[in-house]
Amino acid sequence: MNDHPAPARRVVVMGDVGWPHLYHVGDEAMTQVAIDRLTADGVVDVTVVAADPEVAARLHGVAAVPRFHFKLGWPRDWHDSHLEKVLAPLAGFQRRTGPAQTVLDAVHDADAVVIAGGGNMTSQYVHQLYERLALVRVARHFGRPVFVTSQTLGATFREVDLPVMTEIIDSAAVFGAREGTSATLARSLAADAGRVFTTGDDALLLPRAPLDDEVDDLPERYLVASFERPPGLDDERARAHADRVGRALEAVSQALDCAVVFVPHAGSLDVETPKDDIVYHAAIAVNVSRPVLLPVLPAGQTLAVTSRALVSLSTRYHPVVFAAAAGVPALGFADTAYTWQRMVGATSQYGLARTVLPGTVLDDPTVLAGLVSSLVDEWPHVTEGVNSAVRAVQQGQSDWWRALGCALRGEPFMFKPMDPPAQVPLGVTEAVLADAAPVLGVDSGREREAHRWTTERLEAVAAERSELELRLGRESRERRTVEQQLGEARELVEHTRSEAAALRREFAEEQRATADLAAEGERLSAEKARWRAAALGYRREVQRYRDRRITRISDALARAFRRPS
C-alpha cells in the first residue's frame, strides 16, 4: 500500500514577473527556471501568478492569473485590510468573480504551490511580502503544500514584518534560501529549522538563448556594464553619479582596449518606452567613447551576451550570477545592505566574495581600471577553480530541484547542501585593492556588510517613524478639521438657541397681547350686552308708556262717546 500523497500534476508558481512595462531579467529568469524544472519533472499544468497575466503568459508560455494587487507605498493598515478582503471569499468558497478570485480558483485546482526565487522578503517591499502571505494562506486553506525556492531575506526588515516572514517560512514544506545570511535568519525564525536549506540562485540554471541578428553583431572585445540609478538621488546628484560611472568605465575601456556594451537588467521590452536601466545607461554612455547600448533582452539572451564578455561590471545583483554561470570575471559594486548581502552571498558560494566592492571604487577611474585589468589578467589562472565551484553550485541547485520533484511526487525530500568552498586567491587584484583601500575607504566585507545592515535598519526605522509622523500629521489635521467643524456647530447651536429664546420672548409677548385683546373683547362683549339689555328695557318702557297712553286715550274716547248729546 502506498501511503504517499498523489503526485502533483498541477502547480501554481508565484514570481515577481509579468509587469506590462518592466522586464526584470533576474526575476523573469528565476521564474522561467522554476517553470522549466517543474515541467521537466512531470508537472503538466503550471499557472503563474503575475502582475499582468497576458504579459506573463506570452513571456513564459504557460497559463497565468493576476496577483493579489498589494501596492508599494501602502501603509500597513491598508495591507492588512486588503489581505482580509482578498481572503474573505475563502469562507464558503465557490467559483465567482471577486477580488483575486482567479488566484483562489487556481490554487483550489492545483496540487501544490511554488514561490519562485526573489529578493522580496524584505521590509523594502512589504507589498511583496503580503502577496506571498496571501498565497500561503490560500494554499493552507485548501490543504495545498507550499515549496519556497531561492529566496533572500532582508537585509532590511522591521520588527513588525518578522511575523509575516515567519508565517511564510513555517507554511513551507521546505524553504530554500539562496545565500547563507538569509538561511541563518530563516532558521532563527522557523518553528522547524530543519526545513530551511541553503541553496544557490535558480538563475544559475538558466540556459543561454540564441541572439537575434540585430544583437548578434557585437564588437569582438567588450565588457558588459549593468548599472541602475541609485535610489534616493535627485536628478542633479543622479547626473553627477552617471558622469562618475561613465568616466570610470571609459578608463577601463581604454585599459582593456575594448568597447563597453551596456546590458540593461531592468526596463521595458518596448523600445518605444525607455525606462530604468535604459535611461540611466544612456546618461552614463555620454562619457564613454565606444559605447554599445543594448535594449532589454530576454533573460537567456542577456546571459548569452554576458558569456562573450571580457568582464562584467555592475551595481545590480544578477549580472554577478550570470557572469559566474558564463565563466566570466565580474566585479559587483554594492552601496546598500540589500545589494551587498545578495552579491557577497552569491559570490561566496564559488570563492569570489572579494570581487564585491563598495561603490566608492567607481569614484577613482585609475584605481578601477587597475583592478579590472588585474582581474582579467589573473582570470586564466583561477578559471578552473572558479568554474569547478560554479559547477558544484549548479549541480547543488539541480539536486535541489530534483528533491523538490520528489516531494511533489509524494516521495521523500532528500537534499544535502554543499559545503562552502575556499575563497579563490586573487593575489594581484587584492594587492591593488589593498593599496587603494585607504583612499577609497574600502574595509573588510563583513564589517562593511554589518555597517550597511545597521545603517539600513536605522533608515528603515526612520522611514517607519516618518510614515507614523505623516499619519499623525494627517490625523492631527483631521482632528483640527473636526474641532473646527465642532466649533462651527457649537456657534450654530448657540445662535439657534439665541434665536429660539428671542422667538420665545416674542411669542410670550404675542400671547400677552392676545390675552389683552381677548380681555378687551370680553369687556366689549359685556358692555355690548349691557347696552343691549338697556335698549331692551328702554323699548319695554317706551312700549308700556305707549300702551298706557293708548289706554288713556281709549278711555277718554270711550267716555266721550258715552256722554249724552
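Everything below is about the structure shown above.
K.L.:
Just to check I follow, could you spell out the nonpolar core for this structure?
P.N.:
In a soluble, globular protein the nonpolar side chains are often hidden away together inside. With 96 residues, the main nonpolar core has Leu-249 and Leu-313 as its most contacted residues. Examining the composition of this core, we find that 19 residues originate from one element, helix α14 (residues 365–408), more than from any other. In this structure Leu-313 touches Leu-223, Val-224, Ala-225, Ser-226, Phe-227, Leu-249, Val-252, Leu-331, Phe-333 and Val-372, once residues within four positions along its chain are discounted. Listed in part, the 47 residues of the second largest apolar core include Leu-90, Leu-133, Ala-177 and Leu-185.

K.L.:
Just checking my understanding: could you explain the pairing of strand β6 (residues 118–121) for this structure?
P.N.:
A regular strand places its side chains on the two faces of the sheet in alternate fashion. The pairing of β6 with strand β7 (residues 146–153) spans two bridges and is parallel. Counted as the bridge partner of Gly-118 is Gln-151 from β7. Regarding topology, helix α5 (residues 126–142) serves as the crossover connection from β6 to the parallel β7, and that connection is right-handed.

K.L.:
Got a minute to help me understand a nonpolar patch on the surface in this structure?
P.N.:
Together, Ile-553, Leu-557 and Phe-561 make up an exposed nonpolar region whose accessible area comes to about 350 Å². With respect to the helices and strands, the residue Ile-553 is situated in helix α16 (residues 445–562).

K.L.:
What is the right way to look at helix α4 (residues 101–109) in this model?
P.N.:
Residues that lie three or four places apart on an α-helix share one face, since the helix turns once every 3.6 residues. Of the residues making up α4, those classed as buried are Gln-101, Val-103, Leu-104, Asp-105, Ala-106 and Val-107. The elements touched by buried residues of α4 are β1 (10–14), β3 (45–50), β4 (63–66), α3 (76–87), β5 (112–115) and α5.

K.L.:
How do you make sense of empty space enclosed by the protein when you look at a structure like this?
P.N.:
Left-over empty space is what a probe sized like a water molecule reveals as it rolls over the atoms. Evaluated as defined, the whole model comprises four cavities of 30 Å³ or more. Within this model, the largest cavity holds a volume of roughly 60 Å³. In terms of lining residues, the largest cavity is bounded by Val-320, Ala-323, Ala-324, Val-328, Ala-330, Thr-347, Tyr-350, Leu-352, Thr-355 and Trp-379. Of all the elements, helix α12 (residues 318–326) adds the most residues to the lining of the largest cavity, at three residues. Residues belonging to the lining of the largest cavity are distributed by class as follows: eight nonpolar, two polar and no charged. Of the volumes computed, that of the second largest cavity is approximately 50 Å³. When residues of the lining of the second largest cavity are traced back to their parent elements, those giving at least two are β3 and α5. At three residues, the largest contribution of residues to the lining of the second largest cavity is made by α5. A per-class count over the lining of the second largest cavity returns six nonpolar, two polar and four charged.

K.L.:
Looking at this structure, how should I read α12?
P.N.:
Burial analysis of α12 places eight of its nine residues in the buried class, the great majority of the element. For α12, the set of buried residues is His-318, Pro-319, Val-320, Val-321, Phe-322, Ala-323, Ala-324 and Ala-326.

K.L.:
What am I meant to see in unusual backbone geometry here?
P.N.:
Negative phi is the rule for most residues except glycine; trans is the rule for most peptide bonds. Along the chain, Gly-154 connects to Ala-155 via a cis peptide bond; the corresponding omega equals 0°. Counting through the fold element by element, Ala-155 comes out in the loop between β7 and α6 (162–171). The backbone of Ser-150 sits at a positive phi, close to 55°, despite the residue not being glycine. As for its position among the elements, Ser-150 is in strand β7. If you check the backbone angles, Asp-276 has positive phi at about 50° while not being a glycine.

K.L.:
What exactly am I supposed to notice about the pattern of salt bridges here?
P.N.:
Any two side chains of opposite charge can pair, so long as their charged atoms come close to each other. Applying the stated criterion across every chain yields a total of 20 salt bridges. We note a salt bridge from Asp-235 to Arg-229, for which the minimum N-O separation is 2.9 Å. Residue classification places Asp-235 among the partly exposed residues on the basis of a relative accessible area of 47%. Between Asp-257 and Arg-290 there is a salt bridge, and its shortest N-O distance comes to 3.1 Å. Within this pair, whereas Asp-257 is found in the loop between α9 (235–256) and β11 (259–262), its partner Arg-290 is found in the loop between α10 (277–285) and β13 (291–293), the two being separated by 33 residues in sequence. Among the residues examined, Asp-257 registers a relative accessible area of 49% and is labelled partly exposed. A relative accessible area of 33% places Arg-290 in the partly exposed class. Taken together, the shared-partner salt bridges in this structure form one network comprising Asp-41, Arg-409 and Glu-411.

K.L.:
Explain the side chain of Arg-316 to me, please; I cannot follow it from the model alone.
P.N.:
Of note, Arg-316 is situated in the loop between β14 (312–314) and α12. Here Asp-277 takes part through its side chain, which lies 2.8 Å from a polar atom of the side chain of Arg-316. Among all residues touching Arg-316, those that are not within four sequence positions of it are His-24, Ser-226, Glu-228, His-265, Ala-266, Asp-277 and Met-343.

Criteria and cut-off values
- Residues numbered from 1 in each chain as written.
- Predicted model: local features only at pLDDT ≥ 70, side-chain atom pairs only at ≥ 80, totals over all residues.
- Heavy atoms only, no water.
- Core = buried A, V, L, I, M, F, W, Y, C linked by side-chain atoms within 4.5 Å.
- Buried < 20%, exposed > 50% of the residue type's maximum accessible area, 1.4 Å probe, protein only.
- Helix = DSSP H or I, 4+ residues; strand = E, 2+ residues; numbered from the N terminus.
- Contact = heavy atoms within 4.5 Å.
- Pairing = 2+ DSSP bridges.
- Right-handed = clockwise from strand over helix to strand, strands pointing away.
- Patch = residues over 30% accessible without salt bridge, like charges linked within 9 Å, V, L, I, M, F, W, Y side chains within 5 Å.
- Areas by Shrake-Rupley, 256 points an atom, 1.4 Å probe, with all protein chains shown as cover.
- Salt bridge = Lys/Arg side-chain N within 4 Å of Asp/Glu carboxyl O.
- 1 Å grid on protein atoms, 1.4 Å probe; cavity = no way out; pocket = protein on both sides within 12 Å on 5 of 7 lines; lining within 4 Å.
- Points joined across faces, edges and corners; volume = space filled by probe spheres on them.
- Nonpolar A, V, L, I, M, F, W, Y, C, P; charged D, E, K, R; others polar.
- Polar contact = N/O pair within 3.5 Å; in protein donor to acceptor, adjacent residues only side chain to side chain.

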